[in-house]
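Inside the fold
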Amino acid sequence: MDHITVDLAVMHGKPTARGTRTSVQNVREILASGMSFDEVLEDYPYLEHEDLLAALRSPDLRKSCFA
């Protein structure tokens, strides 16, 4: 399953966790703030562990959409 999607009609084309309006950038910032995966998943129950991993592994997909 592709956990990161880019849709110009959602979040102005920012990469998001599939089926949500939660941006990859937001996930990265939350994790960088010191929250654990378990804490993030508790606060964002619609996200899955694999979504968090994909956000950390994802390149900046927005650049490639507009290049």
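Here the structure is shown first, and the text comes after it.
Below is a summary of the structure that appears in this document. (Residues numbered from 1 in each chain as written. Predicted model: local features only at pLDDT ≥ 70, side-chain atom pairs only at ≥ 80, totals over all residues. Heavy atoms only, no water.)

The next subject is unusual backbone geometry. The phi torsion at methionine 11 lies on the positive side, around 55 degrees, for a residue other than glycine. Looking at the element boundaries, methionine 11 is found in the loop between β1 (4-5) and β2 (16-17). A residue is classified by how much of its surface remains accessible, and methionine 11, at 26% relative accessible area, is partly exposed. Within the chain, histidine 12 stands out as a residue other than glycine whose phi angle is a positive 55 degrees. As for its placement among the helices and strands, histidine 12 is situated in the loop between β1 and β2. (Helix = DSSP H or I, 4+ residues; strand = E, 2+ residues; numbered from the N terminus. Buried < 20%, exposed > 50% of the residue type's maximum accessible area, 1.4 Å probe, protein only.)

Moving on: the nonpolar core. With 11 residues, the main nonpolar core is built from Ile4, Ala17, Val24, Val27, Ile30, Leu31, Val40, Leu47, Leu52, Ala54 and Ala55. Of all the elements in the fold, those that place two or more residues in this core are α1 (24-32) and α3 (49-57). Element by element, the count of residues in this core is highest for α1, at four residues. With residues up to four places along the chain from it excluded, the contact list for leucine 31 reads Ser36, Phe37, Val40 and Leu56. (Core = buried A, V, L, I, M, F, W, Y, C linked by side-chain atoms within 4.5 Å. Contact = heavy atoms within 4.5 Å.)

Further remarks concern α1. Turning to α1, its buried residues number three or more, namely Val24, Val27, Ile30 and Leu31. Mapping the buried residues of α1 onto a view down its axis gives an arc of 125 degrees, with all of them on the same face. Looking at the buried positions of α1, the neighbouring elements they touch are β1, β2, α2 (37-43) and α3. Trailing α1 by a residue or two, glycine 34 shows a phi angle of about 110 degrees, which is positive. (Arc of directions from axis to C-beta.)

Inspection of the entire model under this criterion finds two salt bridges. Its salt-bridge partner being glutamate 48, residue arginine 18 comes within 3.1 Å of it at the nearest N-O pair. Note that arginine 18 is positioned in the loop between β2 and α1 and glutamate 48 in the loop between α2 and α3, a separation of 30 residues in sequence. Arginine 18 sits in the buried class, given a relative accessible area of 16%. For aspartate 51, the salt bridge identified is with arginine 18, shortest N-O distance 3.2 Å. (Salt bridge = Lys/Arg side-chain N within 4 Å of Asp/Glu carboxyl O.)

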